[in-house]
Amino acid sequence: MSFASVIEAATQIPDAVFLLSFYPAATETPELTIEGAGLLYSGERAGEGVELESSVLWPAVAGLYNLRVAIPVTARGQLLAGIQGTFPEDREDEGDFTAYAVSLGWRQYVWRGLHIDGSVLPGWGRLRDNVFDGEDYDSFDVELMGHLGWRFDLGSFYALVQPLGVIGVVYKSNPWRIRDREGRPRTEGPTYAGIVLLGFQF
């Protein structure tokens, strides 16, 4: 094959081939989005504005309500501050229970939407008519809470799905006895606390 025939053949190659050769970025697969919202969220939007969020499962499952603000501090880290409480409820293993607390914590995005939450919750616990002794108790409590989950975004709205979570009381100024399934006293240990939060970024 002569040099002239090689040149002639090269000129027949579609322009798209040259585009792929000289601009390899054109072959990259874009991130899955709905109108740019970013369903496979990278976590980078955490630094763009203050967010307000609340649980959608806890009120129905555990009678626990919370409202929290997430304030951007770093590109992928947020300061968490809020309130959390349980309205009066009759617990078969304790008595008539109520609790209110403030929460302070940190959220760190580690990869895309994967994130870790950690919070401390100092507050007040109130128990009336304990199942063992019928006494009333008022206690200053401190709880620790941690979660691991994934973030999904749709415009200014987002959801935090955190199936891995635990909450536990680390201090109780006036402890009371809790009844186990066999009617014996038991200690208050860590509790599974998976959660789904819905939020809005301002």
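Residues numbered from 1 in each chain as written. Predicted model: local features only at pLDDT ≥ 70, side-chain atom pairs only at ≥ 80, totals over all residues. Heavy atoms only, no water.

Examining unusual backbone geometry
In this structure, Arg-112 takes a positive phi of about 50 degrees despite not being glycine. Classification of Arg-112 by relative accessible area gives partly exposed; the value is 34%. Residues other than glycine seldom take positive phi values, yet Asp-129 does so here, at roughly 60 degrees. In this fold, Asp-129 is placed in the loop between β5 (114–128) and β6 (137–154). By relative accessible area, Asp-129 is classed as exposed at 52%. (Buried < 20%, exposed > 50% of the residue type's maximum accessible area, 1.4 Å probe, protein only. Helix = DSSP H or I, 4+ residues; strand = E, 2+ residues; numbered from the N terminus.)

A look at the nonpolar core
Counting 13 residues, the largest nonpolar core has Trp-58, Met-145 and Leu-160 as the members making the most contacts within it. For this core, the secondary-structure elements that each account for two or more residues are β4 (95–111), β7 (157–172) and β11 (195–201). The biggest single contributor to this core is β7, with three residues. Ignoring sequence-local partners within four residues, the contact set of Met-145 consists of Trp-58, Arg-68, Gln-84, Asp-117, Gly-118, Ser-119, Leu-121, Val-166 and Ile-167. Counting residues in hydrophobic clusters, the runner-up holds six residues, among them Phe-97, Tyr-137, Trp-176 and Ile-178. (Core = buried A, V, L, I, M, F, W, Y, C linked by side-chain atoms within 4.5 Å. Contact = heavy atoms within 4.5 Å.)

As for the pairing of β6
The pairing of β5 with β6 spans 14 bridges and is antiparallel. Of the residues in β6, the one forming a bridge with Leu-121 is Glu-143. Between the end of β6 and the start of β7, which pair antiparallel, lie two residues, with Gly-155 showing a positive phi angle near 65 degrees. (Pairing = 2+ DSSP bridges.)

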